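Chain and residue survey
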Amino acid sequence: MPEGARDIMIVNRGYRDINPRCCGEERCPPEYRYGPAIREHYLLHYVVSGKGVFEARGAAFPVRQGQIFIIRPGETTTYQADRNDPWFYRWIGFESGIELPLLLRQPVLDAPQCGHLFSALVDSENLQSGRELYLCGKIYELLSLLSASSSSGSARDYVLRAKNYIESNYIGEITVRQMAGFLGLDRSYFSALFRSQTGRSPQDYLVELRLQKAAELIAVYGYRPGEAAAGVGYRDVCNFSRMFKRRFGVSPSSYGKGR
């Protein structure tokens, strides 16, 4: 490793979602080459200055200041600093048990907005305790920035946010117009988007969730129909009973006795 390299010592905590494995920075000499090598985790290099070439997937990619080159688990990669303007980069390596931004499927990204985060990652060396948790937080920030800069998958993200909102607030008053407003979308467009991703309207999704939760309260926890109705956001017990019977084929009271 070149004299200009600095590795941050990390404990492998075995975190499930994001688990930091390595972090550091390196000021490479001209034409310094690393690889071919295979990693078992994600490894992201941010080029602070200079330039070089990243080789992956059978191709060579020039990389310059403000860009990130991405090594994915199981990929064979090689990278080499430029002869006249060798790069200085910072890196973070991590294992992931969560779905990552689609952008990370690309070999090279334009990401000047992420420079401060890579600087903060390296600064974790100054922490005497909690270093791995600090790195987790910064990695999440990095993933958030990369997600925000990607237009791909935005329709799916809108629907995931709406579904999470419904699942977290189904007991209260929820309207389609309200959800569309929270997402900054036109009501009709949001409804069409939600249906295209889920096969049902936002209102139908809400009703189905409420009835499923009510059935669970009755069958598992022994709630009375009126209590279950109030527990999932229905103020009109008669309307709740009609919708429940339409969904499950029996009244709420019969549903409870049959289980």
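What comes next is a walk through the structure. (Residues numbered from 1 in each chain as written. Predicted model: local features only at pLDDT ≥ 70, side-chain atom pairs only at ≥ 80, totals over all residues. Heavy atoms only, no water.)

Observations concerning the side chain of Glu 25
Here is the rule we go by: By the criteria applied, helices consist of DSSP H or I runs no shorter than four residues and strands consist of E runs no shorter than two, each listed in order from the N terminus. Whenever a nitrogen or oxygen atom comes within 3.5 Å of another N or O atom, the pair is scored as a polar contact, on the condition that within protein one atom can donate a hydrogen and the other can accept it, and that pairs from neighbouring residues in sequence are kept only if both atoms are in side chains.
Structurally, the position occupied by Glu 25 is in strand S2 (residues 18-27). A polar contact is formed between the side chain of Glu 25 and the side chain of Arg 90, at a distance of 2.8 Å.

Observations concerning the sheet that holds strand S8 (residues 76-81)
Which entries qualify depends on this criterion: One requirement defines pairing of two strands: DSSP has to find at least two bridges between them. Only the stretch in contact is used when a helix axis is fitted, and all axes are lines through C-alpha atoms; the angle between N-to-C directions ranges over 0 to 180 degrees.
Strand order in this open sheet of 4 strands is S3-S8-S5-S6, and the pairing throughout is antiparallel. The open sheet has two edge strands, strand S3 (33-38) and strand S6 (59-64), and neither has a second partner. Across the sheet, the axes of successive neighbouring strands diverge by a mean angle of 15 degrees, strand direction being ignored. Direction of pairing for S3 relative to S8: antiparallel, over a ladder of 4 bridges. Across the sheet, Ala 37 pairs through a bridge with Thr 77, a residue of S8.

A look at the pairing of S6
Inspection of the sheet shows strand S5 (residues 51-56) paired to S6 by 6 bridges, in the antiparallel sense. When the sheet's bridge partners are listed, Ala 56 is paired in S6 with Ala 59. Linkage of S5 to S6, two consecutive antiparallel strands, is achieved through a turn of 2 residues, within which Arg 57 is found at a positive phi near 55 degrees.

Topic: the packing of aromatic side chains
This is how the line gets drawn: Any pair of Phe, Tyr and Trp rings, taking the six-membered ring for Trp, is counted once the centres come within 6.5 Å. Such a pair is stacked with planes under 30 degrees apart, edge-to-face with planes over 60 apart, and tilted for the rest. Only protein chains enter the accessibility calculation, which uses a 1.4 Å probe; a residue whose area is less than 20% of its type maximum is buried, one above 50% is exposed, and one in between is partly exposed.
Summed over all chains, the structure comprises 18 aromatic pairs. Summarising the aromatic geometry, the rings of Tyr 46 and Phe 118 are spaced 5.3 Å apart at their centres and angled 20 degrees between planes, so their arrangement reads as stacked. Residue Tyr 46 is located in strand S4 (residues 42-49), and its partner Phe 118 is located in helix H1 (residues 115-122); the two are separated by 72 residues in the primary sequence. Here the two residues Tyr 46 and Phe 118 agree in accessibility, since each one is buried.

Structural notes on the nonpolar core
What counts here: We define the nonpolar core as a collection of buried residues of types Ala, Val, Leu, Ile, Met, Phe, Trp, Tyr and Cys that are connected through side-chain atoms lying within 4.5 Å of one another. Contact criterion: two residues are considered in contact whenever any of their non-hydrogen atoms come within 4.5 Å of each other.
Core analysis: the biggest nonpolar cluster contains 30 residues, and Ile 166, Phe 190, Phe 194, Leu 211, Tyr 234, Phe 240 and Phe 244 have the highest contact counts within it. Counting only elements with at least two residues in this core, the list comes to helix H3 (154-169), helix H4 (176-183), helix H5 (187-198), helix H6 (202-219), helix H7 (225-231) and helix H8 (237-248). The dominant element in this core, judged by the number of residues it contributes, is H6, at 9 residues. Here Phe 190 is in contact with Ala 162, Val 176, Met 179, Ala 180, Leu 183, Leu 185 and Pro 202, once residues within four sequence places are set aside.

Focus on H4
For the record, the criterion: The arc in question is the one spanned by the directions pointing from the helix axis to the C-beta atoms.
Taken together, the buried positions of H4 are occupied by Val 176, Met 179, Ala 180 and Leu 183. With its buried residues spanning 100 degrees around the axis, H4 presents them on a single face. Exposed side of H4, more than 90 degrees from the buried face: Arg 177, Gly 181 and Phe 182 are the residues found there. Two residues or fewer past H4, Gly 184 is found with a positive phi of approximately 75 degrees.

Let's talk about H8
Along an α-helix, residues three or four positions apart point the same way, because every turn accommodates 3.6 residues. The line we're drawing: Multiplying one less than the number of residues by 1.5 Å gives the expected span of a helix.
Over its 12 residues, H8 extends 16 Å from the first C-alpha to the last, a length consistent with the 16 Å expected when each residue adds 1.5 Å. If you check which residues of H8 are buried, you get Phe 240, Met 243 and Phe 244. Seen end-on, H8 carries its buried residues on one side only, within an arc spanning 105 degrees. Summarising the geometry of H8, the exposed residues directed more than 90 degrees from the buried face are Cys 238, Arg 242 and Arg 246. Where H8 begins, the capping side chain belongs to Asp 236, and its oxygen is found 3.0 Å from the backbone nitrogen of Cys 238. In the stretch just after H8, Gly 249 is the one whose phi turns positive, near 85 degrees.

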